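Structure at a glance
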Amino acid sequence: MGFKTDAIHAGQEPDPSTGAVTVPIYQTSTYVQEGLGKHKGFEYARTQNPTRMALEKNMAVLERGVAGYAFASGMAAETAITQLLLKQGDHAVCSDNTYGGTFRLFDKIVRHFGIDFTYVNTGDLAAIEQSIRPNTRMIFIETPTNPVMAITDIGAVSAIAHRTDCRVVVDNTFMSSYFQRPLELGADIVVHSTTKYLNGHSDSVGGIVVLKRQDDAERLQFIQNAAGAILSPFDSFLVLRGIKTLPVRMEAHNVNGMAMAQYLSAKKQVQKIYYPGLPSHPGHALAKKQMSGFGAMLAFDLGSLDNARNFLSRVRLCSLAESLGGVETLISHPATMTHASVPAEHRSKLGISDGLVRISVGIEDIEDLIADLENAFAAL
Ligand code: P1T
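For every chain, the first residue of its written sequence is number 1, and the numbers climb from 1 along that sequence. Under the rules for a predicted model, residues below a pLDDT of 70 receive no local features and side-chain atom pairs below 80 are neither given nor counted, while totals for whole chains, interfaces and linings still include all residues. Values reported for side chains reflect all heavy atoms of the structure, with hydrogen atoms and water molecules removed beforehand.

1. Re the sheet that holds strand E9 (residues 297-301)
Pairing between two strands is assigned when DSSP locates at least 2 bridges connecting them. The numbering of helices and of strands both runs from the N terminus, where a helix is a DSSP run of H or I of at least 4 residues and a strand a run of E of at least 2. Taken together, 5 strands build an open sheet; the order of strands is E8-E9-E12-E11-E10 and the sheet is mixed. A single partner strand is all that each edge strand has here, and the edge strands are strand E8 (272-274) and strand E10 (319-320). Of the strand pairs in this sheet, E8 and E9 are connected by 3 bridges, and their pairing is antiparallel. Looking at E9, one finds that Lys272 is bridged to Asp301. Lying on the sheet, helix H11 (residues 246-265) is in contact with E8, E9 and strand E12 (356-360); it crosses E9 at an angle near 10°. In what follows, residue pairs with any heavy atoms lying within 4.5 Å of each other are defined as contacts. Between the N-to-C directions of two axes lies an angle of 0 to 180 degrees, each axis being a line fitted to C-alpha atoms and, for a helix, fitted only over the stretch in contact.

2. A few points about the pairing of strand E3 (residues 116-120)
In this structure, strand E2 (residues 91-95) lies alongside E3, joined through 5 bridges in parallel fashion. Its bridge partner being in E3, Val93 is matched across the sheet by Thr118. If the strands point away from the viewer and the path from the first strand over the helix to the second runs clockwise, then the crossover is right-handed. At this point the chain moves from E2, through helix H4 (residues 100-108), to the parallel E3, and the crossover so formed is right-handed.

3. Focus on the pairing of E9
Looking along a regular strand, one sees the side chains alternate between the two faces of the sheet. Most of E9 sits inside the fold, with 5 of its 5 residues counted as buried. Relative accessibility under 20% of the residue-type maximum defines a buried residue, over 50% an exposed one, and the middle range a partly exposed one, all with a 1.4 Å probe and only protein chains included. Burial along E9 is two-sided: the face carrying Met297, Ala299 and Asp301 and the face carrying Leu298 and Phe300 are both buried. Two elements, E9 and E12, share 5 bridges in a ladder whose sense is antiparallel. The residue bridging Phe300 from the neighbouring strand is Val357, located in E12.

4. Side note on the pattern of salt bridges
For salt bridges, the criterion is a side-chain nitrogen of Lys or Arg within 4 Å of an Asp or Glu carboxyl oxygen. What the rule picks out here adds up to 16 salt bridges. Taking the shortest distance from any N to any O, the salt bridge between Asp107 and Lys108 comes out at 3.3 Å. Measuring nitrogen to oxygen at the nearest pair gives 2.9 Å for the salt bridge that ties Asp116 to Arg133. Placement of the pair is Asp116 in strand E3 and Arg133 in the loop between helix H5 (125-131) and strand E4 (136-142), with a sequence separation of 17 residues. According to the relative accessible area criterion, Arg133 is partly exposed, its value standing at 32%. Salt bridges sharing partners connect three or more residues here, namely Asp165, Arg167, Arg213, Asp215 and Asp216.

Okay, structure coming up:
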C-alpha cells in the first residue's frame, strides 16, 4: 500500500466486538482470564493494550521495520534504546548536536552506568571512523539536528557502523516517517518523539521505537514490559489519530517552511539562517538525497540575546514555547530553553548562539505568520 493508505489503515481493523471503525481507547488495566493459562492474548495492560499495539503496528509499517514499541515520552523511548544496546564497559558515539535532553540523558544518567560516550560531528564521516572503538555498540544520530538542522548521511554512517557489531539509531523526529525513513537508508533503529509531528496537535507526550532486526525487537519488547515506561491508551489513540493526517500536514508544513525560509533570508536583521531546503545550507544536497521534503523546522540568528529577547517579546500569533511539530507555529530560544542543558561553550561551537531563534512553522496562513514576524522585526 502507499504511505497515505498505510498512515490511515495499517495496524487497524474494525473493532471485533462492535465493528467500530476507529480503534477504541481500551482504558483497562487488566483482562479477565477464562481459566489458568486460558486467555485471548491479553493479560495485563503494561504488557498488552490493543490501542497501543495498533499504534505500534502502524508505525512499524510506516518506518518499514519489523516491530514498534511506544513509550511514555521521546526520552523514555531513548532510555529504552540505551537499555537495549548498552551495558557496562561499552562505548557509544553520538551526534555532537542533538536535542539537549538527549545529551542530558547520555551525559547525566547513562554515563554513570559505566558507559563511555564520544560526541562527534556526525556529518564528518572521518570523525566517526576515528571515534569507533572495539567496544562501540551504538551510533546515535539526529538528522536534521535540533536546532541548527545539520544533516548526517544515514547510509554512509550505517556502512561504517556495520563493519563491527554496532547499531545505528536515528532520531527521526524532525522529518517524521513521511519525509525520511532511516531503516530504508541502512539504519537499525529509528526513534521519534511522537509529541511532535506524528501526533501533530501539541496535546500528547510520547515516544516510539521501530526496529529492523527481529532479535532487537524481541529484546525491546521485553524491556518495554520489564522497565514499564509504556504509552497510555489515550495518548496512543491521539497519536494514531494524528498519524492519519501526517501526509497532508507534512505537505502543508513543507510549503510553509520553505516560504518562511525565503522570507527570513531576505531580512536584514537575520545574520544567519539554518534551513536544509535553501541551496545555501551546507547539507542541502544530502538532504535532497535522503529526505523527500525539507520540513518546517528552521533557526535564524538575530546576533544578540537582546535582539532575540525583543523579537520574541513581540510575537503574538506565534507562541513562545518549547516543543515543535504541531499545527500551530511555535517559536523558541534554544540557548535558554531546549538546549540550556548543553554547556555554553559547546553550544556556541555548534552555532546555538544567544541570538538564535528556532521556529516550528505551523500550517496557518503563511501571510498571517509573516505579518506577526514583521511586527516583531520592527522592534530591532
Ligand atoms: O519531549 P519528548 O517527547 O520526551 O521527546 C524528546 C525529544 C527527542 N528528540 C528530539 C529530536 C526532540 O526534539 C525531543 C524533544 N524536543 C523538544 C521538546 C524541543 O522543543 O525541541
